[in-house]
Amino acid sequence: MFLWVHYTDMVIALLQLPVAVAAWWAAPGLQVGQTARPRLLAAAFALFIGGAVLRLVAGVLLLPWGWEFAGPRLVFVAPTLAVAATLYLVWLRSARKPSGEAPVRYGSGPACVAAVVGAVGVVLVAAVAQLAGAGAAVVVGFAVLGASAMRWAYRTLRRDHVPARVGWWRTAARAAVGMALVAAAAVGLSAASVLPARSSMTGGAADTGGGTAAGHQHHGGISVTDLTGADTTASAGGGDVAVRRFTLTAQETTVRLDSGMRVTAWTFNGVTPGPQLLVRQGDLVEVTLVNRLPGVGVTVHWHGVDVPNAMDGVAGVTQDAVAPGASFVYRFRALQAGTYWYHSHEMSSVQVRRGLFGALVVLPADAPAQDDTVDETVLRHTWGGEDGVATLGLATGVQRRSVPAGRQVRLRLVNTDGNPATFTLTGTPVRVVAIDGTDVHEPGVLPGVRILVGGGARYDVVFTMPDRPVTLRADGPSIVYSPHGDAGPDRTAAPAVLDPARYGTPTATAFGTSSHFDRRFTLRVDERLGFYDGHPAVLYTLNGASFPDVPMLMVADGDLVEVTYVNRSGQHHPMHLHGHHMLVLSRNGRATTGSPWWVDTLDVGPGETYRVAFRADNPGLWMDHCHNLEHAANGMILHLGYTGVTSPFLTGSGTVNHPE
Ligand code: C2O
Ligand code: CU
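About the criteria used
Residues numbered from 1 in each chain as written. Chains lettered and ligands numbered in written order. Predicted model: local features only at pLDDT ≥ 70, side-chain atom pairs only at ≥ 80, totals over all residues. Heavy atoms only, no water. Pairing = 2+ DSSP bridges. Helix = DSSP H or I, 4+ residues; strand = E, 2+ residues; numbered from the N terminus. Axes fitted to C-alpha atoms, helices over the stretch in contact; angles between N-to-C directions. Contact = heavy atoms within 4.5 Å. Phe/Tyr/Trp six-rings, centres within 6.5 Å; stacked < 30°, edge-to-face > 60°. Buried < 20%, exposed > 50% of the residue type's maximum accessible area, 1.4 Å probe, protein only. Lys NZ or Arg CZ within 6 Å of the ring centre and 35° of its normal. Donors = N, O, S within 2.8 Å, 3.2 Å for Na, K, Ca; no water.

Our next topic: the sheet that holds strand 4 (residues 243-256). In space, the four strands of this open sheet follow the order 5-4-7-9, with mixed pairing throughout. Edge positions in the open sheet fall to strand 5 (262-268) and strand 9 (327-333), since each of these has one partner strand only. Ignoring which end each strand starts from, the neighbouring axes of this sheet average 20 degrees apart. Note that strand 4 and strand 7 (residues 284-292) share nine bridges and pair parallel. Residue pairing for strand 7: R245 is matched across the bridge by E286.

If you want it as structure tokens, here you go:
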């Protein structure tokens, strides 16, 4: 329903544009009494007003979603409708009272024409503002004003009050000029959208969320490179910290999907998904990244792990991208048990898509050394774009596994794509024991489960292997577990969808809905047409802006922060905050009632509103972005910045860093 109203409204707004242009073009013809044009004009007005009425209805229909959704439409459309309708009525009235002398129909005369041109201009600019943003509306506004004035002057100077028969070639020439003007405006807007060749994360505007401390403090601050964390030597804590060393070599490798399709992938160590890094909670993890990619930089970001800022692996924010032939050492303590993943954060929309990712699993410190649990990480990845081939590992079809009856099985489900993927587990009772690496409190047993795993998110499910087959389906590819490994998928009906807001039981958390928040931020996601970095794009804006114009969320160490995400667009946006875990407080105004629901990547669906909270306890400069990496590459990025933290790194075409 939301999607339907949202996109219908958008299409109507789009259709209003040519109608308004036609009306604006026809209006001055009134002055010279050309008869065809008043009819065209009347039709245009009728269409326009009809469209505006429909858009008001859309606004009313969205009232149940809240004022954030209905308000902009009502507030935006109502005035333009009022202006257009009033002037239309005035004009029609004058049309019925011809002045007597000349054979003029409909309203004419400079004042009347000015009113019509003005009304249509207002409407045109308003429609452009909503569809393509304020920048485009200003350009169009000036173009309309300028063109109106020029046409006016032309007619006045020529005292051209006698209708001239206009040849088709003149009409065509005028249309061509009009289109050239539109094209010129587009080229101008496109050029204006080109990002600066070098930009610093800390250079832009800041939003202090109602907090008291000052925004940026560039002087005497601490650099992200110094935020390497405590206890990152083997001798930390008395020298009994286990050091786990890995090397990840980024390289180009041709891989074969089980469907036979060959892909020129970018891999870590020649495989994709990359090697699973398995460590124990408390271990010191040391990963050497070596770049052997052809001519591109690379980094590794530890998605969901609240590492020290210097180890976060974001090109241009916490480090420079590692050049071909070079290497970089990441070092951090794995303090949180759970399922995480790692991926490149240089050109990540391209590099993750091409295979530069893998799983990172941190076993709990108290996990038994001998454990015969079948523990499998299942990474779902789509090759060749969102409409490409979905795989689990590299398998597109049915995989069969043999698991003896009675064994415990833990499946760690990871969605490496941007769009949500549905994982369905049938054939046995199941518990969902962790979300984004954090344990669910007292997860209840479900007869089977369907989980909408958002982009970048992880869900862990646990079951005891029965003597029947158990099937995991993931929107295409599937895995069948059975005692002899030969069973086909079971035919159980699709189970209910898991609602993490109501699953498990509540338990105390350090903060909650009624806490006092030091900072409150609201991030509204809108959808519009525009240009980004010199190319046309559908923009998903954050509070109307795109990177690097979205103000940085400024916090001080220790602050309790509340963020409200309002998704007014028609797409899912998996919002990922680096370096912190967020507690979901409410969805669509209703408080969560189950286990505390902690996330690092929260899929905010079309029309949804989420309120989350986190403790700012990990100083640095942290990306907060949509993990639909195509959206991020089109500017759906902002940063969380701690007062006093600076970064020496720059992003842009004039640097080696292109984080998305
Ligand atoms: Cu998984 Cu900023 O990324
Ligand atoms: Cu998005």
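Here the narrative resumes, following the displayed structure.
This part covers the side chain of D312. Tracing the sequence through the fold places D312 in the loop between strand 8 (301-303) and strand 9. Residue contacts for D312: discarding those within four places in its chain leaves V300, H301, W302, V307, T318, H578 and W622.

Turning our eyes to something else, we now look at the packing of aromatic side chains. Here the structure, examined in full by the defined rule, presents eleven aromatic pairs. Measuring from ring centre to ring centre gives 4.7 Å for F328 and Y330, while their planes differ by 55 degrees; the resulting arrangement is tilted. The class of F328 is partly exposed, set by a relative accessible area of 24%. Given a relative accessible area of 0%, Y330 falls into the buried group. An aromatic cluster is built from F268, W302, F328, Y330, F332 and Y342, whose rings are joined through pairwise contacts. Above the ring of W266, the side-chain terminus of R354 is found at 4.1 Å from the ring centroid.

Next up on the list: the sheet that holds strand 31 (residues 601-604). Taken in spatial order, the six strands of this open sheet run 2-25-34-33-27-31, and their pairing is mixed. Where the open sheet ends on each side, the last strands, each with one partner, are strand 2 (206-207) and strand 31. Examined bridge by bridge, strand 25 (residues 552-555) and strand 34 (residues 637-642) share three bridges and lie parallel to one another. Residue pairing across strands places L553 opposite L640, the latter belonging to strand 34.

Quick look at the pairing of strand 28 (residues 582-587) now. In terms of burial, strand 28 is largely enclosed, as six of its six residues are buried. Pairing of strand 28 with strand 30 (residues 598-599) involves two bridges; the strand directions are antiparallel. Across the sheet, the residue bridging to M582 is V599, located in strand 30. Pairing between strand 28 and strand 32 (residues 609-615): four bridges, direction antiparallel.

Time to look at the coordination of the copper ion (ligand 2). Each donor-metal-donor angle in an ideal tetrahedron of four donors is 109.5 degrees, and each such angle in an ideal octahedron of six donors is either 90 or 180 degrees. Surrounding the copper ion (ligand 2) are the protein donor atoms H573 (ND1), C626 (SG) and H631 (ND1), at 2.0 to 2.1 Å. Each donor residue of the copper ion (ligand 2) lies on one chain, and together they are spaced H-x52-C-x4-H. Taking relative accessible area as the criterion, H631 reaches 9% and is therefore assigned buried.

On to unusual backbone geometry, then. Each neighbour pair has its own omega, and for T272 with P273 the value is -10 degrees, a cis peptide bond. Mapped onto the elements, P273 comes out in the loop between strand 5 and strand 6 (274-280). The omega angle of the peptide bond from F547 to P548 is 5 degrees, so this bond is cis rather than trans. Structurally, the position occupied by P548 is in the loop between strand 24 (535-542) and strand 25. One non-glycine residue, E442, lies in positive phi territory at about 45 degrees. Assignment of secondary structure puts E442 in the loop between strand 18 (438-439) and strand 19 (449-453).

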